[in-house]
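Listed below are the residues making up each chain.
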Amino acid sequence: MKKILVGMSGGVDSSAAAVILKQQGYEVGGCTMKLVDKQACTEERVCGSSDDIKDAKSVCEKLGIEHFVFDFTELFREKVIDKFAQSYICGETPNPCINCNKYIKFDKMLSTALELGYDGIATGHYANTAYDEKSGRYLLLRPKDRKKDQTYVLYNLTQEQLAHVIFPLCDSDKAANRKLAERYGLVNSRKPDSQDICFVPNGDYAGFICRHTGKSFPAGDYLDTKGNVIGSHEGFIRYTIGQRKGLGMAFGRPVFVCSKNAAENTVTLGSSDDLMSRTVIADNVNLIAVPNIDGEMHITAKVRYNMPDVPGTLSSLPDGKIKVVFDSPVRAAAKGQSLVIYDGDIVIGGGIISDIIK
């Protein structure tokens, strides 16, 4: 690949990715995706905001490369926001960044880049790729900086997509990227990292879902793990698995959200031990390193983005789902989150958690 279109969010990482590719001799262009109509949100700091577009354009001008703006708001609403809201309404705990990567960045952005005559795309994700001659498959690998590893949200990449994707930050880190941006005089060299979900910049997921769907979610019962009513909550969508603070009541001991029942509008509270589980099942599976799972594989896996790997045994189920039995219990696995499987630095694949067995 010689001609690469870089997805530029206006942040320092994607800008550094563009610089690195230029240094490596690629013909580089930049694009910023407008994903959210700011009128649908409560703050300006949304993905593809006018500030982001302005910063990305400034960087492209500084680097002497072409800059495009792609308006993907309708597709983003359908594939990311609507799915996020519906998952929460069903009592799940979704990760919208995974769907954004699946449907927007590495599908729509890639196809648009190819239509424009580019050979592939690059992003500022901390990850790496390689082609394995023995298996004939493209691999998704962890980056050098494990603390910034973003492969958890990239497990849906297909072989076709991996063949057209470059991750220039595979051997870099945040400090080096900021220094690189400073050296080139880029406007965003000191721009802070975004922390919240891009279309919910104030972190109020429940409020956003109510506004987006026009639905309200009434108070209901807190239950203990035996099904006894022990209090009242403010609507099940306002709670996440593993939550301890913000329950609105004092119980005389530490309690955590262990499960939610959307149909009955109940939230079950329990001890830290009640959050532990040994077996996790996932559907909507995407495999990268292997075409299928034969027998059992000893692997490591994550059930949340920000957690260390836990060893376990991976197997496939007759219905196309995958199952991991962990060597030791994992904490706060939640339906709707993703189970991502690793073999060392190699991402085997993953899926959406559909069942949890204590």
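For the structure, check the block above.
All residue numbers refer to position in the chain's written sequence, counted from 1. Two thresholds apply to this predicted model, a pLDDT of at least 70 for residue-level local features and 80 or more for giving and counting side-chain atom pairs, whereas whole-chain, interface and lining totals are computed over all residues. The side-chain figures draw on all heavy atoms in the structure; neither hydrogens nor water molecules are used.

Caption draft 1: Geometry of the sheet that holds strand β3 (residues 67-71). Two strands form a pair only when DSSP identifies at least two bridges running between them. What counts as a helix is a DSSP run of H or I of at least four residues, what counts as a strand is a run of E of at least two, and both are numbered from the N terminus. Strand order in the open sheet formed by five strands is β3-β2-β1-β4-β7, and the pairing between neighbours is parallel. Edge positions in the open sheet fall to β3 and β7 (165-166), since each of these has one partner strand only. As defined by bridge partners, strand β1 (residues 3-7) adjoins strand β2 (residues 27-34) across five bridges and the pair is classed as parallel. Following the sheet pairing, Ile4 is matched in β2 by Val28. Sheet strands in contact with helix α1 (residues 12-23) are β1, β2, β4 (120-122) and β7, and its direction is about 165 degrees off that of β1. It only takes one pair of heavy atoms within 4.5 Å for two residues to be counted as in contact. Here an angle of 0 to 180 degrees is reported between the N-to-C directions of two axes, which are lines fitted to C-alpha atoms, with helices fitted over the stretch in contact.

Caption draft 2: Broad picture of the nonpolar core. For this analysis, a nonpolar core means a set of buried residues of the types Ala, Val, Leu, Ile, Met, Phe, Trp, Tyr and Cys, connected via side-chain atoms within 4.5 Å. Burial classes follow relative accessibility: with a 1.4 Å probe on protein chains only, a residue under 20% of its type's maximum area counts as buried, one over 50% as exposed, and anything between as partly exposed. In terms of nonpolar packing, the biggest core is built from 63 residues, with Phe76, Ile104, Leu140, Phe199 and Ile209 touching the most fellow members. Secondary-structure elements contributing two or more residues to this core are β2, β3, α3 (73-89), α4 (96-115), α7 (205-213), β10 (256-261), β11 (266-270) and β16 (338-343). Here the element with the most residues in this core is α4; it accounts for eight residues. When near neighbours in sequence (up to four residues on either side) are disregarded, Ile209 contacts Phe84, Ala85, Tyr88, Ile89, Gly214, Phe217 and Ile237. Grouped together as the second largest cluster of nonpolar side chains are 23 residues, Met8, Val19, Leu169 and Leu180 included.

Caption draft 3: Quick look at the pairing of β2. Of all the eight residues making up β2, six are buried; the element is thus mostly covered by neighbouring parts of the structure. With its strands directed away from the observer, a crossover is right-handed exactly when the path from the first strand over the helix to the second travels clockwise. Chirality of the crossover, the property in question, places the unit of β1, α1 and β2 among those that are right-handed. Pairing analysis gives five bridges linking β2 to β3, with the strands arranged parallel. Considered in β3, the bridge of Cys31 is made with Phe68.

Caption draft 4: Spotlight on the pattern of salt bridges. Just to be clear on terms, a salt bridge is a Lys or Arg side-chain nitrogen sitting within 4 Å of an Asp or Glu carboxyl oxygen. Tallied over the entire structure, the rule returns five salt bridges. As a salt-bridge pair, Glu78 and Lys79 come within 3.9 Å of each other at their nearest N and O atoms. With relative accessibility at 45%, the residue Glu78 sits in the partly exposed group. The exposure class of Lys79 is partly exposed, given its relative accessible area of 23%. Between Arg146 and Asp345 there is a salt bridge, and its shortest N-O distance comes to 2.4 Å. With Arg146 in the loop between β6 (137-141) and α5 (159-162) and Asp345 in the loop between β16 and β17 (346-357), this residue pair connects regions lying 199 residues apart in the sequence. Owing to a relative accessible area of 38%, Asp345 belongs among the partly exposed residues under this scheme.

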